[in-house]
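Listed here are the chains, written in short residue letters.
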Amino acid sequence: MIHLNWMGQQISDERVSSAPTAGELFRRQSITTLSTAQISTFKPFSFFASTAYCNPSTTVNWSCGSNCVANSDFIPVASGGDGDSVQFWYVGFSPSHATVIVAHQGTDTSEIEADATDLDAFLESLNPTLFPGISSSVEAHSGFANEQAKTATTILSAVKTAISAHSAKKVTIVGHSLGAAIAILDGVYLPLHISGVSFQVIGYGMPRVGNENFANYVDAHLSLTRINNKKDIVPIVPGRFLGYHHPSGEVHIMANNQWVSCPGQDNTSDECTVGDVPSIFEGTPNDHHGPYDGVNMGC
């Protein structure tokens, strides 16, 4: 499976320039439409991401209603967060998909925009204690990195427990919105401390999290799919003019409900998010929560 004063500047930064370059034409030609079968493979993980909005008192015993029913054989290991200073999260094992699941709660559109556009939330090098051996040139949004740090070691312990208890060989990290930003940082963090298993991240409505070196590191070390729904504005912030850069792995749900795979980093084709949503003024905030193949994010 395979955060900014944006007035004026954001528009010019995100607009597609006049004539397409040869590279742009290649990217357009490389865009492929996902089949119904391919789309369906994401649905359980969409529900796992949605479930992260549920209170930990219900995810710890998997009694959260329809979100939990959608993945009925899931075996919870740990959950936490208060939904305020710490986003909800949970860890467990999915026998159906033979993977440990790590899930992080997102936030509402107005809050994620505020976080993503806070000028105090600058790019910074990753914490060398949490991210040993990673170059200081690999930088991430300080606010997102601080959120990930709050739960990092607790989640690491829970993931190790789940791997051991279920002889797991795969870890899948999911999240929507802010949860997706935390998920990709977990996707960089966890493999530095756990060996012998593969890792993948499936993020929904993910904002840009780091600089180009961060994006390149993710492309080289992590299996990532980031799914963007129609004219969702969150994936175009923070702006590229501030040094932010998306990794590869975009799947864009277009206005006609076709899902397309957009190759490369920040693909500017109008079939992909950066081209389809050239500024926040041309986006649709309500698209942020879905639906993702019928799944709307929230508990």
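Residues numbered from 1 in each chain as written. Predicted model: local features only at pLDDT ≥ 70, side-chain atom pairs only at ≥ 80, totals over all residues. Heavy atoms only, no water.

Looking up the chain in an unreviewed UniProt entry gives the name Lipase class 3 family protein, with the organism given as Gymnopilus junonius. The UniProt entry for the chain carries the following text under Sequence similarities (unreviewed entry): "Belongs to the AB hydrolase superfamily. Lipase family. Class 3 subfamily." (UniProt positions renumbered as here; feature names shortened; annotations may be inferred.)

> With reference to specific residues and values, describe the overall build of the chain.
What the chain contains, in helices and strands, is eleven helices and eleven strands. In the chain, buried positions account for 55% of the 299 residues. For the chain, the accessible surface area stands at approximately 11,500 Å², while carbon and sulfur atoms represent 51% of it. (Helix = DSSP H or I, 4+ residues; strand = E, 2+ residues; numbered from the N terminus. Buried < 20%, exposed > 50% of the residue type's maximum accessible area, 1.4 Å probe, protein only. Areas by Shrake-Rupley, 256 points an atom, 1.4 Å probe, with all protein chains shown as cover.)

> Would you mind going over the state of the cysteines in detail, with residue names and values included?
With the rule as written, the count across this model stands at three disulfides. Residue pairing for Cys64: its cysteine sulfur links by disulfide to Cys68, the two sulfurs lying 1.9 Å apart. Handedness of the Cys64-Cys68 disulfide follows from its S-S torsion of about 115 degrees: it is right-handed. Of the two residues examined, Cys64 and Cys68, each falls in the buried class. Between Cys262 and Cys272 runs a disulfide, and the two sulfur atoms are separated by 2.1 Å. Linking Cys262 and Cys272, the disulfide has an S-S dihedral of approximately -105 degrees and is accordingly described as left-handed. With Cys262 in strand S11 (residues 259-262) and Cys272 in the loop between S11 and helix H11 (273-276), this residue pair connects regions lying ten residues apart in the sequence. Taking relative accessible area as the criterion, Cys262 reaches 2% and is therefore assigned buried. Given the relative accessible area of 0%, Cys272 is considered buried. Across the chain, the way the bonded cysteines pair up, counted in sequence order, is 1-6, 2-3, 4-5. (Disulfide = S-S within 2.5 Å.)

> An account of unusual backbone geometry is requested, with residue identities and associated values reported.
Residue Val237 is joined to Pro238 through a cis peptide bond whose omega torsion reads -10 degrees. Relative to the helices and strands, Pro238 is located in the loop between strand S9 (223-229) and strand S10 (250-253). A cis amide bond, omega 10 degrees, links Gly290 with the succeeding residue Pro291. In the Ramachandran plot, Ser177 falls in the positive-phi region, its phi being about 65 degrees despite a non-glycine side chain. With respect to the helices and strands, the residue Ser177 is situated in the loop between strand S7 (170-176) and helix H9 (178-189).

> Could you give an account of the pairing of strand S3 (residues 89-94), with specific residues and numbers?
Most of S3 is tucked away: six of the six residues are buried. Side chains of S3 alternate between two faces, with Trp89, Val91 and Phe93 and Tyr90, Gly92 and Ser94 buried alike. Sheet analysis places strand S2 (residues 75-80) next to S3, joined by five bridges and oriented antiparallel. By the bridge assignment, Pro76 is partnered in S3 with Gly92. (Pairing = 2+ DSSP bridges.)

> Residue-level account of the sheet that holds strand S1 (residues 32-33), with values.
Backbone hydrogen bonds are what pair the strands of a sheet, in a parallel or an antiparallel way. Strand order in the open sheet formed by nine strands is S1-S11-S10-S9-S8-S7-S4-S3-S2, and the pairing between neighbours is mixed. The sheet is open, and its two edges are formed by S1 and S2, each paired on a single side. Alignment of S10 against S11, held across four bridges, turns out to be antiparallel. In the strand pairing of S11, His252 is matched with Val260. Sheet strands in contact with H9 are strand S4 (99-104), S7, strand S8 (198-204) and S9, and its direction is about 155 degrees off that of S7. (Contact = heavy atoms within 4.5 Å. Axes fitted to C-alpha atoms, helices over the stretch in contact; angles between N-to-C directions.)

> Any details on the packing of aromatic side chains? Residues and values, ideally.
Given two aromatic rings, one states the distance between the centres and the angle between the planes to describe the pair. Applying the stated rule across the entire model yields nine aromatic pairs. Both rings, one in Phe74 and one in Tyr90, keep their centres 5.7 Å apart while their planes meet at 80 degrees; by these two values the pair is edge-to-face. Here Phe74 is found in the loop between helix H6 (66-69) and S2, whereas its partner Tyr90 is found in strand S3, with 16 residues between them in sequence. Of the two residues, Phe74 and Tyr90, neither departs from the other in class, the shared state being buried. (Phe/Tyr/Trp six-rings, centres within 6.5 Å; stacked < 30°, edge-to-face > 60°.)

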